[in-house]
Amino acid sequence: MTQTIAVLAGDGIGPEIMAEAVKVLECLRDNFSLDIQLEEALVGGAAIDATGIPLPDATLALAKRADAVLLGAVGGPKWEPLDISIRPEKGLLGLRSELGLFANLRPAFLHQELVNASTLKPEVIEGLDILIVRELTGGIYFGQPRGITTLENGEKQGVNTKIYKESEIERIARVAFDSALLRNKKVCSVDKANVLEVTELWRDVVTRVGKDYPEVSLSHMYVDNAAMQLVRYPKQFDVMVTTNMFGDILSDLASQLTGSIGMLPSASLDANQKGMYEPIHGSAPDIAGKNWANPLATLLSVAMMLRFSLKQPKLAELLENAVSKVLQDGFRTRDIVGNDGGNYTVVGTKEMGDAVVARLQA
Ligand code: IPM
Ligand code: MG
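Numbering of residues starts from 1 in every chain and runs along the sequence as written. For naming, the first written chain is A and the first written ligand is 1, with later ones following in the order written. Where totals are concerned, whole chains, interfaces and linings use all residues; where local detail is concerned, this predicted model gives features only for residues with pLDDT of at least 70, and gives and counts side-chain atom pairs only at 80 or more. Values reported for side chains reflect all heavy atoms of the structure, with hydrogen atoms and water molecules removed beforehand.

Visitor: So what's going on with the overall build of the protein chain? Which residues, and what values?
Guide: Within the protein chain, the regular secondary structure consists of 12 helices and 14 strands. Computed over C-alpha atoms, the radius of gyration of the protein chain comes to 20 Å, within 12% of the 21 Å expected from 2.2 N^0.38 for 362 residues, which places it in the range of a compact globule. Dimensions of the protein chain, computed from the C-alpha atoms along their principal axes, are close to 60 × 50 × 45 Å. Three labels apply to residues, based on accessible area from a 1.4 Å probe with only protein chains included: buried if under 20% of the type maximum, exposed if over 50%, partly exposed otherwise in between. The buried share of the protein chain, reckoned over its 362 residues, is 53%. Under the scheme used here, helices are H or I runs from DSSP no shorter than 4 residues and strands are E runs no shorter than 2 residues, and both carry numbers assigned from the N terminus. Our radius of gyration looks at C-alpha atoms and nothing else; its globule reference is 2.2 Å times the residue count to the power 0.38.

Structural data, given as structure tokens:
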């Protein structure tokens, strides 16, 4: 049966990286009998410009009906003056919450070829393979009350609320433990239980769920220490599970261990493994339209989509191997050029996509 993929390019470099993803998907469709159809829709700033809102009904309807959603990036300076409630980011957050995509998997995997592209020493990062499991539909991103109010004395006050129910913690913990079973069987839960009651509860619930997984070793770490440990000795981690905002911050940090934020894919899954797939980077307005952006995080997100939603593990592996080979062949976008004086072919967004397609067809 033909599977439908909603293609939401978004803003900034979104359309450029998405064009490469589409190229790769069309190659898989035409040469490897992947039975898919692609349907495009507007999200973020592009949707605001066309319709006045960041998540039009038609886009949400397509995302709900599709078998999987592929998203580029949203946001940019053009829309920053808008009220926060109708900014491009709300399109992305709306998709996450409307589709119930509570489990965000962000693998920080170092391709050996990029060991010199990171600012960290090779011995610190060689062999790095971490999975950050970020809670995605709760916490401070969605908690009520929120907003900016004016006090009686005329002073303004801003508020956001970090809030988690036991059931929300339990389901994300299970995703982390289940993931660990397929990996090195270690989970580190990251919280701020020494200060925040909400994460005291987080720690209690993760500990309770951990009892169902005797073969997985569970540790807990405060988020400030986790940030330090990620830079000091990142290879101590296998699966890290954490709240929405801590996961947002730690995954950007972890991306630098792999050479560039342009390398990190993500999958956001609901309870039935329906998912939205996107690179973890933003819309990078400063380099938009220049053919500079690294499309590999998006192509690796396509691989995650093939694995989780389209149930095509062989094609996922094929695509991941094609990305590795292209790196072995010395192709580099400018963000991942190593500092080792190696003999690299520095290419643009399109050429990197072409190189991956050529490898798939080889
Ligand atoms: C991410 C991004 C988003 C987030 C923004 C664009 C709303 O930073 O996916 O990590 O904060 O979740
Ligand atoms: Mg982020």
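After that view, the rundown keeps rolling.
Visitor: Please give an account of helix 4 (residues 88-98) that cites residues and values.
Guide: An α-helix turns once per 3.6 residues; consequently, residues spaced three or four apart project the same way. All of the buried residues in helix 4 are Pro88, Gly91, Leu92, Leu93, Gly94, Leu95 and Arg96. At the exit of helix 4 stands glycine 100, carrying a positive phi of roughly 65°.

Visitor: Outline the pattern of salt bridges, listing residues and values.
Guide: Between Lys or Arg on one side and Asp or Glu on the other, a salt bridge is scored when a side-chain nitrogen of the former is within 4 Å of a carboxyl oxygen of the latter. Counted according to the given criterion, the structure contains 17 salt bridges. Across the pair aspartate 30 and arginine 29 runs a salt bridge whose closest N-O atoms are separated by 2.9 Å. The partner of arginine 359 in a salt bridge is aspartate 329, and the shortest N-O contact between them spans 2.9 Å. Of this pair, arginine 359 sits in helix 12 (residues 349-361) while aspartate 329 sits in the loop between helix 11 (313-328) and strand 13 (331-332), placing them 30 residues apart in sequence. Three or more residues joined by partner-sharing salt bridges are found here, namely Glu20, Lys23 and Asp354.

Visitor: Lay out the sheet that holds strand 5 (residues 129-135) in plain terms, naming residues and giving numbers.
Guide: Only strands joined by at least two bridges in the DSSP assignment are considered to pair. With mixed pairing, the 10 strands of this open sheet are ordered in space as 2-1-3-12-11-4-5-10-8-9. Edge positions in the sheet fall to strand 2 (36-40) and strand 9 (217-222), since each of these pairs with one other strand and no more. The average angle at which neighbouring strand axes cross in this sheet is 25°, direction not considered. Pairing between strand 3 (residues 68-73) and strand 12 (residues 275-277): 3 bridges, direction parallel. Bridge assignment links leucine 70 to a residue of strand 12, and that residue is tyrosine 277. Only heavy atoms matter for contacts: two residues are in contact if any of them lie within 4.5 Å across the pair. For helices, the fitted axis covers only the stretch in contact; all axes are lines through C-alpha atoms, and the angles between them, taken along N-to-C directions, range from 0 to 180 degrees. Across the sheet, helix 4 lies against strand 1 (3-10), strand 3, strand 4 (103-109), strand 5 and strand 12, angled at about 150° from strand 12, the strand it touches most. This element, helix 8 (residues 223-232), spans strand 5, strand 8 (186-191), strand 9 and strand 10 (239-242) of the sheet and lies at about 105° to strand 9.

Visitor: Would you mind going over the packing of aromatic side chains in detail, with residue names and values included?
Guide: Where two aromatic rings form a pair, the distance of their centres and the angle of their planes describe that pair. Stacked, edge-to-face and tilted are the three classes for Phe, Tyr and Trp ring pairs, Trp counted by its six-membered ring, which pair at centre distances within 6.5 Å; planes under 30 degrees apart are stacked, over 60 edge-to-face, the rest tilted. Under the definition given, this model contains 2 aromatic pairs. Just above the ring of tyrosine 141 sits the side chain of arginine 134; from NZ or CZ to the centre is 5.2 Å. Charge-over-ring contacts are defined here by two conditions on Lys NZ or Arg CZ: a distance within 6 Å of the ring centre and an angle within 35 degrees of the ring normal. Across the ring face of phenylalanine 102, the terminal group of arginine 171 is positioned such that the distance to the ring centre comes to 4.2 Å.

Visitor: Describe unusual backbone geometry, with residues and values.
Guide: Cis peptide bonds are those with omega within 30 degrees of zero, and the linkage from glutamine 144 to proline 145 qualifies with 0°. Considering the arrangement of structural elements, one finds proline 145 in the loop between strand 5 and strand 6 (147-150). Positive phi, close to 50°, is recorded for serine 33, a residue that is not glycine. Structurally, serine 33 can be placed in the loop between helix 1 (14-31) and strand 2. Overall, serine 33 belongs to the exposed group, its relative accessible area being 66%. Backbone geometry places lysine 185, a non-glycine residue, at a positive phi of 60°.

Visitor: How would you explain the site of ligand 1 if you had to name every residue and give the values?
Guide: Throughout, the term near means that a residue has one or more heavy atoms lying within 4 Å of the molecule or strand in question. The environment of ligand 1 is made up of Glu89, Leu92, Arg96, Arg106, Arg134, Tyr141 and Asp248. In this structure, an oxygen atom belonging to ligand 1 sits 2.9 Å away from a side-chain N or O atom of aspartate 248. Accessible surface area values rest on a Shrake-Rupley calculation with a 1.4 Å probe, where residue burial reflects the displayed protein chains alone. When ligand 1 is considered free in solution it has 320 Å² of accessible area, and contact with the protein chains removes 79% of it. Charged means Asp, Glu, Lys or Arg here, nonpolar means Ala, Val, Leu, Ile, Met, Phe, Trp, Tyr, Cys or Pro, and polar covers whatever is left, Gly included. A class-by-class count of the residues in the shell around ligand 1 yields 2 nonpolar, no polar and 5 charged. Two N or O atoms count as a polar contact when they lie within 3.5 Å, although within protein this holds only if one can serve as hydrogen donor and the other as acceptor, and sequence-adjacent residues are included solely when both atoms are side-chain atoms.

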